There are 2 protein chains.
Amino acid sequence: MNIGTAATQTGLPVKTIRYYEEIGLVTPDRRANGYRDFSEACVEQLRLLAQARHLGFSLEECRRLLSLSADEGRASRDVRALAQQNLEAVREKIASLSALEAQLQRLIAQCHGDDAPDCAILDDLMGQRGN
Amino acid sequence: MNIGTAATQTGLPVKTIRYYEEIGLVTPDRRANGYRDFSEACVEQLRLLAQARHLGFSLEECRRLLSLSADEGRASRDVRALAQQNLEAVREKIASLSALEAQLQRLIAQCHGDDAPDCAILDDLMGQRGN
DNA sequence: ATAAACCTTCCAGTGACTGGAAGCAAAAGT
DNA sequence: ACTTTTGCTTCCAGTCACTGGAAGGTTTAT
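Every value quoted in this text rests on a predicted model; they were computed, and no experiment measured them.

A. How the structure looks around the interface of chain A and chain B. At the interface, 59 residues of chain A touch 58 residues of chain B. For the pairing of chain A and chain B, the buried interface totals around 5300 Å² over both sides, and the portion due to carbon and sulfur atoms is 64%. On inspection of chain A and its partner chain B, the count reaches four salt bridges. The partner of E101 of chain A in a salt bridge is R91 of chain B, with the nearest N and O atoms 2.8 Å apart. Elements supplying a minimum of two residues to the side of chain A that touches chain B: α1 (3–10), α3 (40–54), α4 (59–70), α5 (76–110) and α6 (120–127) of chain A. Here the side of chain A that touches chain B takes 21 residues from α5 of chain A, the largest share from any one element. Of the residues belonging to the side of chain A that touches chain B, the class tally is 26 nonpolar, 19 polar and 14 charged.

Structure below.
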């Protein structure tokens, strides 16, 4: 299977697949003309990559997921732990973004938003030390 | 004021301040010995940068904030619009992270998490196309 | 025969820093 | 006065996960 077909099968851009090969996440075969040749197994790995990236796993986490998925003797506990870690990270991001949201909302509420140059937002941004 | 003092006054790392100068966000004076010399006004700009970055504004947005803060004839409406845009972006990020959280939670719940190699998470990751 | 679509590699850029090396300048300690 | 430490300078390279583009070879369709 050519790289373009693999791309449409997985939803990954061609460039991204080449990049994944470059950093050793997948190792497609090569044809006589130099074209990459993707096996079904390889496409499955790409599908895992696409899906896991979509879920916010880093490429290093994806690497571990791939090695777990290749390991017939794996314990599902290990996969779960990885996912759990990722979940924590997502929750932390949500928490800090929520704090941002509140602060921005407060700032916006305090600003008149008219033609005059005095602005509560700028006042706040310049007023205090960072944090 | 030396760069180190400016750094402690604003909470920004020295390296970051130099980077901000490099991309033209601030332009401190220079002393005879080549050291940067930060005026109070310059430090205020750095404070704005620190605070705005902390609130998730991009550096390009910060650039616009700085030019608005320097413009005596600005309309606070414009500042508000910028903050409002940022708020939307933050809300979108929160929404998509929340979707991730739900999906991860579901996946984790389906996985036994024991010694056995069969794992609902891996099954899911390899099963379908990436969207 | 020609055009288009597809493949290859390599180089450079993104955003926002961050780390490190090599080399002066200034401040502090003895 | 001398030495050590700290602080400043520049420049180069790396991070993460791609993304764009150039220059060129291959295959497929017309």
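B. Fine view of the protein's contact with DNA strand C. With respect to spatial proximity, 19 residues lie near DNA strand C, and among them R18 and R36 of chain A together with K15, Y20 and R53 of chain B are the closest. Sugar and phosphate atoms constitute 69% of the interface atoms of DNA strand C, taking the interface as everything within 4 Å of the protein. Interatomic distance of 2.7 Å between a side-chain N/O atom of R36 of chain A and a phosphate oxygen of DNA strand C. Between DNA strand C and Y20 of chain B, the relevant distance is 2.5 Å, taken from a phosphate oxygen to a side-chain nitrogen or oxygen of the residue. Each residue belonging to the surface near DNA strand C can be placed in one class, and the counts come to seven nonpolar, six polar and six charged.

Basis of the calculations
- Residues numbered from 1 in each chain as written.
- Chains lettered and ligands numbered in written order.
- Predicted model: local features only at pLDDT ≥ 70, side-chain atom pairs only at ≥ 80, totals over all residues.
- Heavy atoms only, no water.
- Contact = heavy atoms within 4.5 Å.
- Buried area = accessible area lost by both parts, 1.4 Å probe.
- Salt bridge = Lys/Arg side-chain N within 4 Å of Asp/Glu carboxyl O.
- Helix = DSSP H or I, 4+ residues; strand = E, 2+ residues; numbered from the N terminus.
- Nonpolar A, V, L, I, M, F, W, Y, C, P; charged D, E, K, R; others polar.
- Near = heavy atom within 4 Å.
- Polar contact = N/O pair within 3.5 Å; in protein donor to acceptor, adjacent residues only side chain to side chain.

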